[in-house]
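Results of the structural survey
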Amino acid sequence: LQQGYNCMFGVFPCNNGLWQSALLTTDDLLARLTVINLTHEAKGLDTYPKTREKFSSSGDSISMSILDRNYKEEIHHVATGVKWFKWLCGHLEVEPVSVF
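Residues numbered from 1 in each chain as written. Predicted model: local features only at pLDDT ≥ 70, side-chain atom pairs only at ≥ 80, totals over all residues. Heavy atoms only, no water.

Comments concerning the nonpolar core
Residues L30, L33, L38, F85, L88 and C89 constitute the largest nonpolar core, which totals 6 residues. With near-sequence residues (within four places) excluded, L30 lies in contact with F85, L88, C89, L92, V94 and V99. (Core = buried A, V, L, I, M, F, W, Y, C linked by side-chain atoms within 4.5 Å. Buried < 20%, exposed > 50% of the residue type's maximum accessible area, 1.4 Å probe, protein only. Contact = heavy atoms within 4.5 Å.)

Describing the packing of helix α3 (residues 29–58) against helix α4 (residues 61–92)
Packed helices, taken two at a time, are described by their axes: the angle between them and the distance between them. At a closest axis distance of 8 Å, the pairing of α3 and α4 adopts a crossing angle of 155°. Judged on the interaxial angle alone, α4 and α3 are roughly antiparallel. Considering only the axes of α3 and α4, their crossing is left-handed. Among the residues forming the contact of α3 with α4, the class breakdown is 19 nonpolar, 8 polar and 4 charged. (Axes fitted to C-alpha atoms, helices over the stretch in contact; angles between N-to-C directions. Helix = DSSP H or I, 4+ residues; strand = E, 2+ residues; numbered from the N terminus. Parallel < 35°, antiparallel > 145°, perpendicular 65-115°, else oblique. Left-handed = near helix turned anticlockwise from the far one by under 90°. Nonpolar A, V, L, I, M, F, W, Y, C, P; charged D, E, K, R; others polar.)

A look at unusual backbone geometry
Residue E93 is not a glycine yet carries a positive backbone phi of 55°. Assignment of secondary structure puts E93 in the loop between α4 and α5 (96–99). Judged by its relative accessible area of 74%, E93 is exposed.

Rendered as structure tokens:
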């Protein structure tokens, strides 16, 4: 964002949900993984195709470039969240599906 539009992540109200979730899950790693990685980050993967199509149809190559880079990062974030979520559920001896 900073390179393309001279602004930083977090300046827009839409970014507030992620920060609010981080604050609400400060003391609970299982909740943090569930909410941040398996919900917020996963939504980025779910919405990517339609959002990219909108940027493409409007000719916004800067946003498409940012979105493409973020998409690749989100894949890693979700995969890492799934890995540690499963590990922590095993460590706590809880069923992942019921916790999620």
